[in-house]
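Overview (structure and organization)
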Amino acid sequence: MTSSAQGSDQGSHQGSHQGSDQVSDEADRSAAPPRPTANAMRRALKRARDGVALDVTEAAVLLQARGEDLEDLCASAARVRDAGLEAAGRPGVITYSKSVFIPLTRLCRDKCHYCTFVTVPGKLRRAGHGMFMSPDEVLEIARRGAELGCKEALITLGDKPEERWPEAREWLEAEGYDDTLAYVRAIAIRILEETGLLPHLNPGVLSWTDFQRLKPVAPSMGMMLETTAERLWSEPGGPHYGSPDKEPAVRLRVLEDAGRSSVPFTSGLLIGIGESYEERADSLFALRRVSRAYHGVQELILQNFRAKPDTAMRGMPDAELDELVATVAVARHLLGPSACLQAPPNLVDEEYGRLIRAGIDDWGGVSPLTPDHVNPERPWPQIDTLAEHSAAEGFQLHERLAVYPEFVRRGEPWLDPRLLPHVTALADPATGLAREDAVVTGRPWQEPEEGFVATGRTDLHRTIDTEGRTADRRDDFDEVYGDWAELREAAAPGMVPSRLDADVRQALSQAADDPTRLTDDEALALLHADGPALDALCRIADDLRRATVGDAVTYIVTRNINFTNVCYTGCRFCAFAQRRTDADAYTLSLSQVADRAQQAWDVGAVEVCMQGGIHPDLPGTAYFDIARAVKERVPGMHVHAFSPMEVVNGATRTGLSIREWLTEAKAAGLDTLPGTAAEILDDEVRWILTKGKLPTATWVEVIKTAHELGIRTSSTMMYGHVDQPRHWLGHLRLLAEIQRSAVAKGVEGFTEFVTLPFIHTNAPVYLAGIARPGPTTRDNRAVTAMARILLHPHIPNIQTSWVKLGTEGAAEMLRSGANDLGGTLMEETISRMAGSSYGSYRSLKDLVGIAELAGRPARPRTTTYGNVPAERQATALASDGHLPELLPVVE
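All figures in this text were calculated on a predicted structure; none of them were measured in a lab. (Residues numbered from 1 in each chain as written. Predicted model: local features only at pLDDT ≥ 70, side-chain atom pairs only at ≥ 80, totals over all residues. Heavy atoms only, no water.)

Digging into the overall build of the protein
Secondary structure assignment for the protein yields 35 helices and 20 strands. Restricting to contacts in the protein with at least 6 residues of sequence separation, those with at least 24 account for 79%. As presented, the protein carries roughly 30900 Å² of accessible surface, and 49% of it is formed by carbon and sulfur atoms. (Helix = DSSP H or I, 4+ residues; strand = E, 2+ residues; numbered from the N terminus. Contact = heavy atoms within 4.5 Å. Areas by Shrake-Rupley, 256 points an atom, 1.4 Å probe, with all protein chains shown as cover.)

Considerations on helix 20 (residues 504-513)
Among all positions of helix 20, only Ala507, Leu508, Gln510 and Ala511 are buried. Looking straight down helix 20, one finds its buried side chains confined to an arc of 165 degrees; they lie on one side. Projecting away from the buried face of helix 20 at angles above 90 degrees are the exposed residues Arg505 and Asp513. Elements that come into contact with the buried residues of helix 20 comprise helix 21 (520-527), helix 22 (531-549) and helix 31 (777-790). Residue Asp503 occupies the N-cap position of helix 20, its side-chain oxygen lying 3.3 Å from the main-chain nitrogen of Arg505. (Buried < 20%, exposed > 50% of the residue type's maximum accessible area, 1.4 Å probe, protein only. Arc of directions from axis to C-beta. Polar contact = N/O pair within 3.5 Å; in protein donor to acceptor, adjacent residues only side chain to side chain.)

With respect to unusual backbone geometry
The linkage connecting Glu412 with the following residue, Pro413, adopts the cis geometry, with an omega of 5 degrees. Along the chain, Pro413 turns up in the loop between helix 15 (405-410) and helix 16 (420-424). For the bond running from His792 to Pro793, omega is -5 degrees, close enough to zero to count as cis. The phi angle at Ala677 is positive, at roughly 65 degrees, despite the residue not being glycine. For Ala677, the location among the structural elements is in the loop between helix 26 (658-668) and helix 27 (683-689). On the accessibility criterion, Ala677 (3% relative accessible area) is buried. In this model, Glu679 sits at a positive phi of 50 degrees, which is unusual for a non-glycine residue. Locating Glu679 in the fold gives a position in the loop between helix 26 and helix 27.

So, helix 28 (residues 696-708)
Its 13 residues give helix 28 an end-to-end C-alpha distance of 18 Å, which sits within 8% of 18 Å, the value for a rise of 1.5 Å per residue. Along helix 28, the residues that are buried comprise Thr696, Thr698, Trp699, Val700, Val702, Ile703, Thr705, Ala706 and His707. Looking one or two residues past helix 28, Gly710 carries a phi angle of roughly 80 degrees, positive in sign. (Expected span 1.5 Å × (residues − 1).)

Regarding the sheet that holds strand 14 (residues 607-611)
If you walk across this open sheet you meet the three strands as 12-14-15, and the pairing is parallel. Two strands close off the open sheet at either side, each with one partner strand: strand 12 (558-562) and strand 15 (638-641). On average, adjacent strands in this sheet sit at an angle of 25 degrees to one another, irrespective of strand direction. Note: strand 12 against strand 14, five bridges, orientation parallel. Paired with Ile561 across the strands is Met610, a residue of strand 14. Running at roughly 160 degrees to strand 15, helix 24 (residues 622-633) makes contact with strand 14 and strand 15 of the sheet. (Pairing = 2+ DSSP bridges. Axes fitted to C-alpha atoms, helices over the stretch in contact; angles between N-to-C directions.)

Describing the confidence of the model for the protein
Scored by pLDDT, the protein comes out at a mean of 88, with 85% of its residues at no less than 70. Low pLDDT (under 50) marks residues 1-31, which in the prediction has 160 contacts with non-local residues, meaning those over four places away or in another chain. Every residue in residues 884-891 scores below 50 in pLDDT, and together they form 21 contacts with partners more than four places removed in sequence or on other chains. (pLDDT = per-residue confidence, 0-100.)

Section: the nonpolar core
Counting 133 residues, the largest nonpolar core has Leu62, Leu73, Leu104, Leu197, Phe265, Leu355 and Trp363 as its most contacted members. Apart from residues lying up to four places away in sequence, Leu355 is in contact with Leu324, Val325, Val328, Ala343, Val348, Ile360 and Trp363. Within the second largest apolar cluster, 121 residues are counted, among which are Trp208, Ala577, Met718 and Ala810. (Core = buried A, V, L, I, M, F, W, Y, C linked by side-chain atoms within 4.5 Å.)

Re the packing of helix 21 against helix 31
Contact geometry for helix 21 and helix 31: axes closest at 9 Å, N-to-C directions at 150 degrees. Classified by the angle between their axes, helix 21 and helix 31 sit roughly antiparallel to one another. Packed against helix 21, whose contacting residues are Ala523, Leu526 and Leu527, the element helix 31 presents Arg778, Ala782, Met786 and Leu790 at the interface. Considering only residue class, the contact of helix 21 with helix 31 consists of six nonpolar, no polar and one charged. (Parallel < 35°, antiparallel > 145°, perpendicular 65-115°, else oblique. Nonpolar A, V, L, I, M, F, W, Y, C, P; charged D, E, K, R; others polar.)

Digging into a negative patch on the surface
Together, Asp136, Glu137, Glu140 and Glu147 make up a negatively charged patch on the protein surface. With respect to the helices and strands, Glu147 occurs in helix 5 (residues 135-147). (Patch = residues over 30% accessible without salt bridge, like charges linked within 9 Å, V, L, I, M, F, W, Y side chains within 5 Å. Salt bridge = Lys/Arg side-chain N within 4 Å of Asp/Glu carboxyl O. Lys, Arg positive; Asp, Glu negative; His and termini not counted. Charge placed at Lys NZ, Arg CZ, Asp CG, Glu CD.)

Overview of the pairing of strand 5 (residues 265-271)
Counting buried positions along strand 5 yields seven of seven residues, so the element is predominantly enclosed. With two bridges joining them, strand 4 (residues 220-222) and strand 5 adopt parallel strand pairing. Of the residues in strand 5, the one forming a bridge with Met221 is Phe265. For strand 5 and strand 6 (residues 297-304), the ladder comprises seven bridges, and the chain directions are parallel. Of the residues in strand 6, the one forming a bridge with Leu270 is Gln303. Following the chain from strand 5 across helix 11 (residues 277-294) to the adjacent parallel strand 6, one finds a crossover that is right-handed. (Right-handed = clockwise from strand over helix to strand, strands pointing away.)

Examining the packing of helix 5 against helix 7 (residues 180-194)
At a minimum axis distance of 10 Å, the contact between helix 5 and helix 7 shows a crossing angle of 40 degrees. With respect to helix 7, the axis of helix 5 lies oblique. Helix 5 and helix 7 meet at a crossing whose hand is right-handed. Two secondary-structure elements touch here, helix 5 through Pro135, Val138, Leu139 and Arg143 and helix 7 through Tyr183, Ile187, Arg190, Ile191 and Glu194. Looking at the contact of helix 5 with helix 7, its residues break down into six nonpolar, no polar and three charged. (Left-handed = near helix turned anticlockwise from the far one by under 90°.)

As structure tokens, this is what we get:
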């Protein structure tokens, strides 16, 4: 958040753990730590002065600087801060946000031992309050704030209160909300529309999907990390014991998901709840790591613990000012000149000058209207007072918005298009700071109304083969994907494929006798097989293929329609995605999509496969419009469309659940889903490959929900980048388990498994020197063979990709366990943009020729592997699946 108040996130103090007879002494492992030696302090101070990178040990030493040593540390920290302000174009400026504090609910499922913000339903009732603030109560505060010139609505609440308190759940149900976050989303929209204040949301722990739900309604969000000291959470008597949302790993994951989702995010430390200096230093390094990896931490709050009556930690001493000052200075050195550091001005007894000299550049949210509900005994200082104290230290006080100026200037993908009118109305376009004379008034919040309008290089599906792409990379290559150096370190283990010494002979015997009984160790041995062992493995897989589906090689007459390549998700393997202003960007109109479907039908297609980028201007209902447009033009066409990523995007934009959205899509004409966006279903690899894509658990949720609704899906795996055979094994095992689950529920589930070798040529992650140059022939054969073996008998159809492997490569995979060649495609831009050299389409004769090269017959199929009607076969043969006449660039 941009205020000192952190909901139930309160402070911390070094040296004496819980400080009361109600708190265990066992967790107090850091009482009276030994002071660092004079030599250690001198060395650390010199390294700080010289701008040399500090390690955790040195940071812990500097956190204990006092007296002249602390003055020395602050002086060098202030120089770092000043350099950052100069570089940012606002030298000598300290910022603050003029805000109102809205405690949406004081109920929480956590039990932090220092918190007075959180209460219980009985106390709320006795005080005449509801379980949540009503919309009228919220809007009354927001309107009064707008009249006073406030521009931020700081919405704070406890974590998931409905999971602990039936009264909270009953209130939400009575008001028509599925959960607390649904109410948060709705109230944020009303604040935007009826008052013009910018919501800054502090709802506690959020999932990746939660960020997708809330990002369109709030330009910034926040949650304090507090500490990475797990013992303070896990051990009885710890300040966070019994609070599931205070586990450090969980909170770090939230920070990472915020970065992946391009959400400007506030976090920070709470000093003085018993953490050691080393633990405090470790927490700062954890914040630095996340900040560097995603460039999404907009500010860090360094907050000092203040003991309160009627809490378990009431007897604990307050964090001393020296503790806070040293922490600010060390944070400035570790986080660097570009970091924005804040300390709450109402918690420092007017010692403002010391915090400025320590390296802060922001005072946080200050309200002329509402109290600090977390620290009600500590009123906000007057803004004029802050200005005077800042001026005394040589700084001007300037107002900012809830979202920091750097993110205002960055624009997309950090600001959702639906919020841009609200932000730009209040922001100085030159600086990104607040326009203090801006009129704060409500503005409409709504989905874009234009829908699909043809723009850009709409002939890319044709000219990608004749003219190629404009450049091998986007000009924002160095910024949009996160920090390449951090990624390079994380990806290092996958740069060189590992090798395994194991009993391959025994594993081959088991695979031949009964592949369903292969152990993980045996399967891993086979995934590493090479030479004669690999040949034997492929023969076993091919024999299993013959026994399972016969000799016929299947294919489908289909047309790919990639309706837009405008996307801001930030997948690091994707060369297809473009910003709307890039030379190769395009979006098709609905009529163009329908025209292409009609053209495909006219030459014998039975399916259109439609996927696109996550275009920020398209409403969540756009996918329904696409499916409906095709069905209205060509009722008999099978619509195979929308990856799980697109499903989540549509659901979060419309406010529907995944199940509700899929139900609506099915009614609009969706028949099956492509199981793309899977890449590798292991988040260890996934978060190197992608910045903002959905996590594994969400992909699985979408697929399982689709199956339960009778919407079949394909399944895929993209391999050969930063992955290892153990990741392939885990991926295939998970797919088999999903299919077993579908069958147990009486639904059909997956139609096939598609191998997708990584195309490296123009992939950003390869151009940055992080990924391998795609899989080897050995890898392709092993993956295909093991997919046949490990997915048996659950997924009988294994597809190889001619567009990625070419004619000879695809034929080799048909001899290694595959039985399907995929489709004619008619157009293909995703692999071609990545650098595939095998063209964008294949005729029927081409596909039959690949099958013959493998010594096998070929036959057409439907999406679900049924027989193709005679009329469709005759039409396709008459045209040989040739591309139809292409559409013009403009309508």
